[in-house]
Amino acid sequence: MRNAVISFARKAIADQRGQILPISAVMLVALLSLGGLSMDFGRAYIAQARLQTYANAAALAAAGEVYNTSTTNNASTYADNYSA
Amino acid sequence: MKTDCGLRKPANSLAHRLRRLFHLGADDGNALVEMALVLPVFLAFVTGIGSFAIALGNQITLIQATGSGGQYLQQLRPGNSGGTTDPCKDTLTAIENAAPNLAPGSIGLTLTMNGNTPIKATSCSGKQTQLVEGATVTVATTYPCTLSVYGVKFANSCQLSAQVTEYEY
């Protein structure tokens, strides 16, 4: 069994045909992993941008309500309403 | 004549003539041929990732520009300084200015002011009367995207969208 494995390895190294195939297989896994990672980062950045927009809207709504009514009674309610 | 892979080929075949011409051995150039087979697949992945990256970048820009447009609209009420007579046009201009890398004519805008019927237009002259202090204004935008590799599209219709609701000052 061991000799068979060694013999196969020697033949595989000596034979120049099909050398690109295993290299490509390894590269493909790396490439797909990086592609998936970049997609995840992209989606995270989109979520962050949405969250920032909603936070801005909530803050401005609360500030506007305080400005218009001169009380802070409803500020948190307005912030909640405009946060999504 | 017997080749390395055990197949018989005529000595005057194109492969043999090319080998003789360039003084090549039986295995020479294998990597080149295999690379030529694999490279289009790799390039498809890379250009696909690039295509998605452009769409994701445009989506982030659209979200931020829509937020800017909403903040602009919330202060445009008649009576405030800089009051508008065409909220759709002014808001769209604000969004286009906030997103210089997006094609201005391709941004679609829908405004909903104080719970009235949504207005999907680039101009809505006279509709500033719907802007009421303390009421809500919703700004929704769309932008087309193209997800393709080698000119082949992943999806027939791809549209980015963003929406924000603001308090009218």
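For clarity, every value in this text was computed on a predicted model and none was experimentally measured. (Residues numbered from 1 in each chain as written. Chains lettered and ligands numbered in written order. Predicted model: local features only at pLDDT ≥ 70, side-chain atom pairs only at ≥ 80, totals over all residues.)

## Structural notes on the overall build of chain A
Short version of the rule: What counts as a helix is a DSSP run of H or I of at least four residues, what counts as a strand is a run of E of at least two, and both are numbered from the N terminus. C-alpha atoms define the radius of gyration in this analysis, and the globule rule sets the expected value at 2.2 Å times the number of residues to the power 0.38.
The helix and strand tally for chain A stands at 3 helices and 0 strands. The order of α-helices and β-strands along chain A, N terminus first, is α-α-α. For a compact globule of 84 residues, the expected C-alpha radius of gyration is about 12 Å, and chain A comes in at 30 Å, more than 25% above that figure. Structurally, chain A occupies a C-alpha span of about 90 × 25 × 10 Å along its principal axes.

## Some remarks on the interface of chain B and chain A
Just so we agree on the cut-off: We call two residues in contact when their backbone-placed C-beta atoms lie within 7 Å. Each residue gets one of three labels, nonpolar for Ala, Val, Leu, Ile, Met, Phe, Trp, Tyr, Cys and Pro, charged for Asp, Glu, Lys and Arg, and polar for the others, Gly among them.
Every contact between the two is made by 27 residues of chain B and, on the other side, 25 residues of chain A. Among the elements that line the side of chain B that touches chain A, the one with the most residues is helix 2 (residues 30–73) of chain B, at 18 residues. Of the residues assigned to the side of chain B that touches chain A, the class counts are 14 nonpolar, 9 polar and 4 charged.

## Quick notes on unusual backbone geometry
Note: most peptide bonds trans; most residues except glycine with negative phi. All names here are of chain B. Under the convention used in this document: Three classes are used. A residue is buried when 20 or more other C-beta atoms lie within 10 Å of its own, exposed when 12 or fewer do, and partly exposed in between, with C-beta atoms placed from the backbone.
With a phi angle near 55°, Asn-114 is a residue other than glycine that sits in the positive phi range. Within the secondary structure, Asn-114 sits in the loop between strand 1 (108–113) and strand 2 (136–144). A residue is classified by how many C-beta atoms lie within 10 Å of it, and Asn-114, with 15 of them, is partly exposed.

## A closer look at the nonpolar core
For clarity, the cut-off: Note on terminology: a nonpolar core is any set of buried Ala, Val, Leu, Ile, Met, Phe, Trp, Tyr and Cys residues joined through C-beta atoms within 7 Å.
Among the nonpolar cores identified, the biggest contains 33 residues, and Ala61(A), Leu62(B) and Ile95(B) are the most heavily contacted of them. Those elements that place two or more of their residues in this core are helix 2 (20–69) of chain A together with helix 2, helix 3 (87–98), strand 1, strand 2 and strand 5 (159–167) of chain B. The residues contacting Leu62(B), other than those within four sequence positions of it, are Ala99(B), Leu102(B), Thr141(B), Tyr143(B), Leu160(B) and Ala162(B).

## Overview of the confidence of the model for chain A
Here is the rule: The score called pLDDT rates the predictor's confidence residue by residue, from a low of 0 to a high of 100.
For chain A, the mean per-residue pLDDT works out to 85, and 99% of the residues sit at or above 70. Of all helices and strands in chain A, the one with the weakest mean pLDDT is helix 1 (residues 2–14) of chain A (81), whereas helix 2 of chain A scores best (89).

## Description of the environment of Gly69(B)
Residues and elements named next belong to chain B. As for its position among the elements, Gly-69 is in helix 2. Note on Gly-69: 30 C-beta atoms within 10 Å, which makes it buried. C-alpha of Gly-69 to C-alpha of Leu-32: the two residues are 37 residues apart in sequence and 54 Å apart in space. In contact with Gly-69, not counting residues within four places along its chain, are Thr-91, Ala-94, Ile-95, Ala-98 and Val-139.

## Brief notes about the sheet that holds strand 1 of chain B
All names here are of chain B. Here is the rule: Each pair of strands is called paired provided DSSP finds at least two bridges between the two strands. Axes here refer to lines fitted to C-alpha atoms; in helices the fit is confined to the stretch in contact. Angles between the N-to-C directions go from 0 to 180 degrees.
On the basis of which strands lie adjacent, the open sheet formed by 3 strands has the order 1-2-5 and antiparallel pairing. Two strands lie at the open edges of the sheet, namely strand 1 and strand 5, each paired on one side alone. Going from strand to strand, the sheet's axes swing by 15° on average, the running direction of each strand aside. Here 6 bridges tie strand 1 to strand 2, and the two strands are oriented antiparallel to one another. Looking across to strand 2, one finds that Leu-109 is bridged to Thr-141. Sitting on the sheet, helix 2 touches strand 2 and strand 5, and the angle it makes with strand 5 is about 25°. Sitting on the sheet, helix 3 is in contact with strand 1 and strand 2, with an inclination near 130° to strand 1.

## A look at the environment of Ser24(A)
Along the chain, Ser24(A) falls in helix 2. Expressed as a C-alpha distance, the spacing of Ser24(A) and Ile13(A), which sit 11 residues apart in the sequence, is 16 Å.

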